[in-house]
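Close look at the chain arrangement
One-letter residues, chain by chain:
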Amino acid sequence: MSEEFIQLYQKDTDAACAYLLSSGEIHYYLSNSDKYKLSGKSFVIGASEIVLSEMMKIKTRRLETVLLRKDSELKKISLDNFVEAMNTFSFVMNVAMVTARQVVITNQIISEN
């Protein structure tokens, strides 16, 4: 069975929003050969660049291209709502845990190269 995907955003574009993955699978492409996937429920996607750009004032464009499996459930989080939600402990912890997972995986990719 072939899987169908929807592109959420492309590498090197502005980070205008984040997403809440209710359930499903996300595929991250750092390059054509360097890629990884995350699956699960209720985690925030696309937060790193917003945290860097909006909260730390370090202008950062999207670091990777992200594809979503079509059967996944997703909600868009506007930039304003994201920044506001960063005042709540549970949201910050969600962003931190997803970012930590991404750092571990990308460090493994770097070590293999």
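Parameters at a glance
Residues numbered from 1 in each chain as written. Predicted model: local features only at pLDDT ≥ 70, side-chain atom pairs only at ≥ 80, totals over all residues. Heavy atoms only, no water. Helix = DSSP H or I, 4+ residues; strand = E, 2+ residues; numbered from the N terminus. Rg over C-alpha atoms; globule rule 2.2 N^0.38 Å. Buried < 20%, exposed > 50% of the residue type's maximum accessible area, 1.4 Å probe, protein only. Contact = heavy atoms within 4.5 Å. Areas by Shrake-Rupley, 256 points an atom, 1.4 Å probe, with all protein chains shown as cover. Expected span 1.5 Å × (residues − 1). Polar contact = N/O pair within 3.5 Å; in protein donor to acceptor, adjacent residues only side chain to side chain.

1. Description of the overall build of the protein
A tally of helices and strands in the protein yields three helices and six strands. Reading the protein from its N terminus to its C terminus gives the helix and strand order β-β-β-β-α-β-β-α-α. Whereas a compact globule of 113 residues would reach a radius of gyration of roughly 13 Å, the protein reaches 14 Å, a difference of no more than 12%. The principal-axis extents of the C-alpha atoms in the protein amount to approximately 40 × 30 × 25 Å. The buried share among the 113 residues of the protein stands at 39%. In the protein, 72% of the contacts between residues at least 6 apart in sequence involve partners at least 24 apart. As displayed, the protein offers around 7,000 Å² of accessible surface, 53% of which is attributable to carbon and sulfur atoms.

2. Describing helix α3 (residues 89-112)
Compared with an ideal rise of 1.5 Å per residue, which puts 24 residues at 34 Å, α3 spans 35 Å between its outermost C-alpha atoms and is within 8% of the ideal. Those residues of α3 lying buried are Phe91, Asn94, Val95, Val98, Gln102, Ile105, Thr106 and Ile109. The elements touched by buried residues of α3 are β2 (17-29), β3 (35-40), β4 (43-45), α1 (48-55), β6 (73-78) and α2 (79-85).

3. Section: the environment of Lys11
Mapped onto the elements, Lys11 comes out in the loop between β1 (5-9) and β2. In sequence terms Lys11 and Ile109 are 98 residues apart; their C-alpha atoms lie 17 Å from each other. In contact with Lys11, other than residues within four places in its own chain, are Leu30, Arg62, Leu63, Glu64 and Thr65. A polar contact is formed between the side chain of Lys11 and the backbone oxygen of Leu30, at a distance of 2.9 Å.

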